[in-house]
Amino acid sequence: MSSFDVIVVGAGHAGCEAAAAAARRGARVALVTLRSDDPGTLSCNPAVGGIGKGHLVTEIDALGGIMGRVTDAARLQSRLLNRSKGPAVQGPRAQVDRKLYRAAMAETLAAFSTLTIVPAAVEGLIITHGRIVGVQTSCGRLDAAAVILTTGTFLGGVMHIGAEREVGGRVGAQASDLGSALRAMGLPVSRLKTGTPARLDGRSIDWAALDWQYGDADDPRLSRFGRSNGRPALPCAITRTNATTHQIIRDHLGESALYGGHINSVGPRYCPSIEDKVVRFGDRDGHQIFLEPEGYDDITIYPNGLSTSLPLAVQEKFIASIKGLERARILRAGYAIEYDHVDPRALTPGLAAKDIPGLFLAGQINGTTGYEEAAAQGLVAGANAAAAALGLDKLIIDRTAAYIGVMIDDLTTHGVAEPYRMFTSRAEYRLRLRADNADQRLTPIGIGAGLVPPAHAARFATDQARREAGRTLLESLSASPHQLAAHGIDVRQDGQVRTLFEWLRFPAVTHAAARRVWPELAALSDELLASLAVDANYAAYVARQEAEVAAVRRDEALALPTDLDFAAVAGLSKEMIERLSKARPLTLGAASRVPGITPAALIALLPHTSRNRIAA
Amino acid sequence: MTDTIAALASGRPPAALAVIRLSGPAAFAAVAALAGRVPPPRRMSLCRLHHDGALLDEALVAVFPGPNSASGEDLAEFHLHGGPAVVSGVLAALTAHPGIRLAEPGEYTRRAFANGRMDLAQVEGLADLVAAETASQRDQALALAGGALGRLADSWRERCLDILAEAEAGLDFAEDEADVAERLDEAAREQLLAMASELDQLLADSARAARIRDGLTIVVTGPPNVGKSSLVNALAMRDAAIVTPIAGTTRDAIEVPVDLGGIAAVLIDTAGLRDTDDPVEAEGIARARQRAARADLVISVASADAPHWPAPAPVPPKTLMLLNKCDLALPVLPAGALSVSASTGAGMATLRDWLTNFARQATRPGEPALLAHARHRAAFADAHAALVDAAHAPEPVLRAESLRIAAHAFARVAGRIGVDDVLDRIFSRFCIGK
């Protein structure tokens, strides 16, 4: 029997980030996983980041997390998405090498002296007096003040290929039956599904027939502290399904696990199987498929967009109908997987189970999908589990401050009807929540919580000082439209003298032009000037949102008692009582975001609020 | 648990009938206690009401089970004989029942709102309906209470969300999935500007809506002693303003409501316009000029024995030149002018017809005009500004931001808390995801 502060069950993206966060706060952590080389396994596509997801990775990075650095070390190619759409929605994404990713993760975790990887299967949770005190594993009992479950698709996992079904968390790995233990503790457990495509042998693909997609020339990083792996970037390729592909799928639809009645749980609408695409969007003549390499010294190709649960023979047939894949060899069949998840409305904004002290949940178990969503929750759960074990401050991030806050608030107030993925459109204050300012928004919080390594904190202080000096410089320089015109800059001659900070809003005042007019700008790096220009661009919008943000924060400060009996609140209708009792919001702000809650219901709740700190 | 509330819903007794309403979980138990049974739902039933062994009244009783009742709760109505003792007896019997108390003002409506039976615009419409004095006010309030404005705002919100869904799909998914076309912004800009100009017309029409709700203002001006106050009294058919032969009798503006063929109007009698050393009168004259400048109609009165009119104000509202005291003399009338005698009544019928006609034209009572409340106008104006911003936004993310502001402004009208269903729209329209 060994004793720890925090036990993390599962070493996927949520588990690794949770263990690392708890360790950074000084906790003794056991990371329990089936095999000691599990940490950092990418079960699905070989890519990290994207729009919304890339924002999450930069936020994790700003809080001292590890995902961005590990991704940079493993990158095959990287791009900044949405370059033309405006800085607020630009997110970095990298294709990664699976083996390098796992190696970088192992190395990163090994650097934490208080973190122990325990190769074992967790068979039960040990509860004493209603509080979790440890776990029972295949190798004995482990004790800890806090336990984080990050079971991913392993919780009651069942894989489907056509009519075949197999119990397991992913190919070649056993499933966990902790689900029944969670049900027994009264947690609301239900089923979700997701899927993965067949893997192809890259040597059997006709690459010359396809369009290639390259990474960006400037090779953007996901972490401010990321380092290049020194290898050249690899291209992906793009192909499309066609009418023949769709006809084959239609002809065999009844054999799909999904449409043959073998799966009833809900899958994500935004990551549909190819069967779903053909059924729901029958009018389209084709769907784009990305062929993504899985590594530098790996022949495996991940055909992104072909997730399926059709029988292997049908998979072979429809894949062969796609341009470039006529002779493609399948290394492993695609499959659908069903798994247990807990209704996240049972959790606090700190990802603690409301009714079971010491228990935390993060990742797919909370109904999300995606590596980045999982890792971001892992960080929050890890920080709060360490807080519970060591008596530290909780880490609560509200939705006005970060995508992490948006996600956790959405999960804990709305619950999930399908696997939850981050989109920028989920954030009401999107213009404030940018990848380029994640450090400004979150690093001070991370430093306060002891989550940010000293070297990163020092770098942040330098960056901030430079930034403030840069902003002061931009506001101290000014020019009239006439003066700009003398430099060949075409702006409206309204006679208005503006500071450079204001001028940067005007498309004609490019950074190159500004540097020509004001040689003093040599003191500012391109990156800093660009980031300050974004501030200038969004200043008016952000100012307008400030009042709203203040109102949200005010409502967030009004706490509702954890054990509030909504049925006993005078003036609430039956419908409101039902909705509130399901969501159990912990603040007036959270209550206001429960779907269908009326302003009148909020007024009725007002007398029950107090200005206490939020329970987490 | 929610209280059950009881209140007299009809006018003050004594009256032929009195209606008492009861709403809340204990309503039907109270009906059973008084009437000995709960009559079948949504039908008037004759019941004998008893309390403490005494017969209170023989009354018609109807029950409406929640949530499909006006308040969204169990609701009962007692149609009583309208004597004060009957009403107070039944109210006393009801409030003696556990869990029943007298309703606060507006509490039924508040419950209907809380239970989702009415949106905010409907609540406002109901308040207008109760206060409506003229036929056109009633029509407008009925449209509002019936949810017409909520539906209008909702349909606008829908239109914004449709474009927003396109915009958001372009932001969140364009790079992943070629299926989300990169919509070129020219089409979106045209569409947004067209919507903005439509809103512009709605807003322009809102002045008419406000006139229906608040009444037309008609200011009566002219030199002293031309009989402005007599005229106002004659139009109002009562002695609202003091009339004397002394010039300068009216100093402060006097407002007299009148009904012009079903359209509300306020006649404003003002101080006679002349040069004066009396500071009180001078202030009254200054105010008279201000009121005239803001009026829907100015009746500029001259006397038949001195038929000249003052020069019009710099930006004159619609002006009717009126010659009073036509019983004293009958000079030639300028084109468009009318002549009356407020004292004999000569020409008054023609004047009344003219005013009614004017009121009809100014308010077009047959056409719905919904943006009567300042709150609604402000929301629509915010949305208008946001749509124009969206049309000219320099980058897609700022276009989306402005569209969000517009959609939110419309959501405010119905008092809905905006849970945007943008994602639902995106997923139903585009095949998203790799």
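Residues numbered from 1 in each chain as written. Chains lettered and ligands numbered in written order. Predicted model: local features only at pLDDT ≥ 70, side-chain atom pairs only at ≥ 80, totals over all residues. Heavy atoms only, no water.

Asker: Explain the overall build of chain B to me, and be specific about the residues and the numbers.
Answerer: Of regular secondary structure, chain B possesses 13 helices and 12 strands. By the burial criterion, 49% of the 434 residues in chain B qualify as buried. Within chain B, counting contacts between residues at least 6 apart in sequence, those at least 24 apart form 60% of the total. Accessible surface for chain B amounts to roughly 19,300 Å². Of this, 56% is attributable to carbon and sulfur atoms. (Helix = DSSP H or I, 4+ residues; strand = E, 2+ residues; numbered from the N terminus. Buried < 20%, exposed > 50% of the residue type's maximum accessible area, 1.4 Å probe, protein only. Contact = heavy atoms within 4.5 Å. Areas by Shrake-Rupley, 256 points an atom, 1.4 Å probe, with all protein chains shown as cover.)

Asker: Break down the environment of A:T443 for me, with residues and values.
Answerer: Structurally, the position occupied by A:T443 is in helix α11 (residues 438-448). If sequence neighbours within four positions are ignored, A:T443 has contacts with A:A62, A:A438, A:V452 and A:F460.

Asker: Describe the packing of aromatic side chains, naming the residues involved and giving the relevant values.
Answerer: Two aromatic rings, taken as a pair, are described by how far apart their centres are and by the angle between their planes. All names here are of chain B. Taken as a whole and judged by the stated rule, the model has five aromatic pairs over all chains. Ring geometry for W156 versus F410: centroids 5.7 Å apart, planes at 25 degrees, classification stacked. Remark: F410 occurs in helix α12 (residues 396-413) and W156 occurs in helix α6 (residues 148-172); sequence separation between them is 254 residues. Among the residues examined, W156 registers a relative accessible area of 3% and is labelled buried. For the pair W354 and F358, a centre-to-centre distance of 6.0 Å together with 0 degrees between the ring planes defines the contact as stacked. In this pair, W354 and F358 both sit in helix α10 (residues 348-363), four residues apart, roughly one turn of the helix. Take F358: its relative accessible area is 9%, and that puts it in the buried class. Linked through ring pairs, W156, F380 and F410 together constitute an aromatic cluster. (Phe/Tyr/Trp six-rings, centres within 6.5 Å; stacked < 30°, edge-to-face > 60°.)

Asker: Any details on the sheet that holds strand β3 (residues 45-51) of chain B? Residues and values, ideally.
Answerer: All names here are of chain B. Ordered by their spatial adjacency, six strands build an open sheet running β3-β4-β5-β2-β1-β6, and the pairing between neighbours is mixed. Both edges of this open sheet fall to β3 and β6 (100-102), since each of them pairs with a single strand only. Averaged over all adjacent pairs, the angle separating strand axes in this sheet is 30 degrees, with direction ignored. Pairing of strand β4 (residues 54-64) with strand β5 (residues 75-81) involves five bridges; the strand directions are antiparallel. Residue pairing across strands places A62 opposite E77, the latter belonging to β5. Contacting β1 (4-8), β2 (17-23), β3, β4, β5 and β6, helix α1 (residues 27-35) crosses the sheet at an angle of about 80 degrees to β3. Seen against the sheet, helix α2 (residues 84-95) touches β1, β2, β3, β4, β5 and β6 and runs at an angle of roughly 10 degrees to β2. (Pairing = 2+ DSSP bridges. Axes fitted to C-alpha atoms, helices over the stretch in contact; angles between N-to-C directions.)

Asker: Go over the environment of A:D216, please, and point to the residues and values.
Answerer: Residue and element names in this part refer to chain A. Looking at where D216 falls in the secondary structure, it is placed in the loop between β14 (211-213) and β15 (236-240). Dropping the residues within four chain positions of it, D216 is found in contact with S78, R79, L80 and R83. Polar contacts involving the side chain of D216 include one to the side chain of R83, which spans 2.7 Å. (Polar contact = N/O pair within 3.5 Å; in protein donor to acceptor, adjacent residues only side chain to side chain.)

Asker: I'd like a rundown of the packing of α6(B) against α12(B), residues and numbers included.
Answerer: Residues and elements named next belong to chain B. Running from amino to carboxyl end, α6 crosses α12 at an angle of 160 degrees, the nearest separation of the two axes being 8 Å. For the element pair α6 / α12, the angle class is roughly antiparallel. The two elements α6 and α12 meet at a crossing, and its hand is left-handed. Two secondary-structure elements touch here, α6 through L149, A153, W156, R157, C160, L161, I163, L164, A167, E168 and L171 and α12 through P396, V397, A400, L403, R404, A406, A407, F410, A411 and V413. Considering only residue class, the contact of α6 with α12 consists of 18 nonpolar, no polar and three charged. (Parallel < 35°, antiparallel > 145°, perpendicular 65-115°, else oblique. Left-handed = near helix turned anticlockwise from the far one by under 90°. Nonpolar A, V, L, I, M, F, W, Y, C, P; charged D, E, K, R; others polar.)

Asker: For unusual backbone geometry, give the residues involved together with the corresponding values.
Answerer: Residue B:P67 follows B:G66 across a cis peptide bond; omega there is 0 degrees. Residue placement: B:P67 occurs in the loop between β4 and β5. Although it is not a glycine, A:H129 sits at a positive phi angle of roughly 50 degrees. Relative to the helices and strands, A:H129 resides in the loop between β7 (122-128) and β8 (131-137).

Asker: Please provide a residue-by-residue account of helix α9 (residues 279-294) of chain B, values included.
Answerer: Residue and element names in this part refer to chain B. Taking 1.5 Å of rise per residue, 16 residues should cover 22 Å, and α9 covers 23 Å from first to last C-alpha, within 8% of that figure. What α9 keeps buried is the set E281, G284, I285, A288 and A292. Down the axis of α9, the buried set is contained in an arc of 100 degrees. They therefore lie on one face. Opposite its buried face, α9 presents the exposed residues P279 and R294, each directed more than 90 degrees away. Where the residues of α9 are buried, they touch β7 (216-221) and β10 (297-303). If you check the start of α9, you find a side-chain oxygen 2.9 Å away from the backbone N of V280, and it comes from D278. (Expected span 1.5 Å × (residues − 1). Arc of directions from axis to C-beta.)

Asker: Could you give an account of the pattern of salt bridges, naming the residues involved and the relevant values?
Answerer: Residue and element names in this part refer to chain A. Inspection of every chain in the model, using the stated rule, returns 37 salt bridges over all chains. The shortest N-O distance in the salt bridge between R83 and D216 comes to 2.7 Å. One end of the pair, R83, is in the loop between β4 (75-81) and β5 (91-96); the other, D216, is in the loop between β14 and β15, and 133 residues separate them in sequence. R191 serves as the salt-bridge partner of D340, at 3.0 Å between the closest nitrogen and oxygen. With D340 in strand β19 (residues 335-342) and R191 in strand β12 (residues 189-196), this residue pair connects regions lying 149 residues apart in the sequence. Residue classification places R191 among the partly exposed positions, given a relative accessible area of 29%. Three or more residues are tied together by salt bridges with common partners; here these are R399, D409, D410, E428 and R593. (Salt bridge = Lys/Arg side-chain N within 4 Å of Asp/Glu carboxyl O.)

Asker: Outline the domain arrangement of chain A, listing residues and values.
Answerer: Reports of interface size often rely on the accessible area that becomes lost once the parts have come together. All names here are of chain A. Taken as a whole, chain A is organised into domain 1 (2-194 + 339-452), domain 2 (199-335), domain 3 (455-544) and domain 4 (557-608). Taken together, the 52 residues of domain 1 in the interface contact 52 residues of domain 2. Carbon and sulfur atoms make up 50% of the surface buried where domain 1 meets domain 2, a total of about 4,200 Å² over both sides. By the criterion of area lost to domain 2, the three top residues of domain 1 are D72, L76 and K193, representing 16% of everything that side buries. In this assembly, domain 1 and domain 2 are joined by six salt bridges. Residue D218 is joined to R83 by a salt bridge in which the shortest nitrogen-to-oxygen separation is 3.2 Å. Our enumeration of links across domain 1 and domain 2 arrives at 24 residue pairs in polar contact (both at pLDDT 80 or more). Going through the elements one at a time, β3 (47-49), α2 (53-62), α3 (67-74), β4, β5, α4 (98-110), β10 (158-161) and β12 are the ones with two or more residues in the side of domain 1 that touches domain 2. (Domains from an automatic or database assignment. Buried area = accessible area lost by both parts, 1.4 Å probe.)

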